[in-house]
Amino acid sequence: QLQASGGGLVQAGGSLRLSCAASGRTFSTYAMGWFRQAPGKEREFVAGISGRADFTYYADSVKGRFTISRDNAKNTVYLQMNSLKPEDTANYYCAGRTFATVSTTQYDYWGQGTLVTVSS
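Residues numbered from 1 in each chain as written. Predicted model: local features only at pLDDT ≥ 70, side-chain atom pairs only at ≥ 80, totals over all residues. Heavy atoms only, no water.

**Details of the pairing of strand β8 (residues 76-81)**
Most of β8 sits out of view: five of its six residues are buried. Bridge count for strand β3 (residues 16-22) against β8 is six bridges, and the pairing is antiparallel. The partner of Leu16 across the bridge, within β8, is Met81. Strand direction decides the pairing type here: strand β7 (residues 66-71) and β8, joined by six bridges, are antiparallel. Residue Asp71 lies in a different strand from β8, and its bridge partner there is Thr76. Counting the residues that bridge the hairpin from β7 to β8 gives four residues, and of these Asn75 lies at a positive phi of roughly 55 degrees. (Buried < 20%, exposed > 50% of the residue type's maximum accessible area, 1.4 Å probe, protein only. Helix = DSSP H or I, 4+ residues; strand = E, 2+ residues; numbered from the N terminus. Pairing = 2+ DSSP bridges.)

Below, the structure written as structure tokens:
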């Protein structure tokens, strides 16, 4: 079970940190990802991190501005979002997959969304 939090309203150029808490004892064996879906658009991959946090991957649209990280002791994955733009406005979802390697598409578990709104 995945529980995302940390969304909110922020001005362009600002920052937010999303968190996603997972239940279970094997969190470190799961790769985790963040996705987002803006109104009227398809869901898109944002960032992924391997089970041991030794590999991360980002969508080009967020590279250099967003950072994904995880704390396996706390069963939590984070998405630090800096230099936010109005086009980052979306519902953000965390997801987990039963492999330790990152994927941009294949995830087995999904959390509920947390809304991020960036005002201009």
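**Notes on the side chain of Arg97**
Mapped onto the elements, Arg97 comes out in strand β9 (residues 90-97). At 2.6 Å, the side chain of Arg97 forms a polar contact with the backbone oxygen of Thr101. What Arg97 contacts, discounting residues up to four positions off in sequence, is Thr29, Tyr30, Ala31, Val102, Ser103, Gln106, Tyr107 and Asp108. (Polar contact = N/O pair within 3.5 Å; in protein donor to acceptor, adjacent residues only side chain to side chain. Contact = heavy atoms within 4.5 Å.)

**Observations regarding the state of the cysteines**
Evaluation of the coordinates by the stated rule reveals one disulfide. Each sulfur of the disulfide joining Cys20 and Cys94 lies 2.1 Å from the other. For the disulfide bridge between Cys20 and Cys94, the dihedral angle about the S-S bond is near 55 degrees, and by the sign convention the bridge is right-handed. Here Cys20, found in strand β3, pairs with Cys94, found in strand β9; they are 74 residues apart in sequence, far enough to count as distant. By relative accessible area, which is 0% here, Cys94 ends up buried. (Disulfide = S-S within 2.5 Å.)

**Comments concerning the nonpolar core**
The nonpolar side chains of a soluble globular protein tend to be buried, and buried together. With 28 residues, the main nonpolar core has Trp34, Leu79, Met81 and Tyr92 as its most contacted residues. When residues of this core are traced back to their parent elements, those giving at least two are β1 (2-5), β3, β4 (31-37), β5 (44-49), β7, β8, β9 and β11 (114-119). Of all the elements, β3 adds the most residues to this core, at four residues. Discounting residues that sit within four places of it in the chain, Tyr92 has contacts with Leu18, Trp34, Phe35, Arg36, Val46, Phe66, Leu79, Met81, Gln112, Gly113, Thr114 and Val116. (Core = buried A, V, L, I, M, F, W, Y, C linked by side-chain atoms within 4.5 Å.)

**Quick look at the pattern of salt bridges**
Taken as a whole and assessed by the stated rule, the structure comprises four salt bridges. Between Glu44 and Arg36 there is a salt bridge whose closest N-O contact spans 2.6 Å. By relative accessible area, Glu44 is classed as partly exposed at 34%. Given a relative accessible area of 6%, Arg36 falls into the buried group. A salt bridge links Arg65 to Asp88, with the shortest nitrogen-to-oxygen separation between them at 2.7 Å. Note that Arg65 is positioned in the loop between β6 (56-58) and β7 and Asp88 in the loop between β8 and β9, a separation of 23 residues in sequence. Its relative accessible area of 11% is what places Arg65 among the buried residues. Members of the salt-bridge network, linked through shared partners, are Arg36, Glu44, Arg65 and Asp88. (Salt bridge = Lys/Arg side-chain N within 4 Å of Asp/Glu carboxyl O.)

By themselves these figures say nothing about function.
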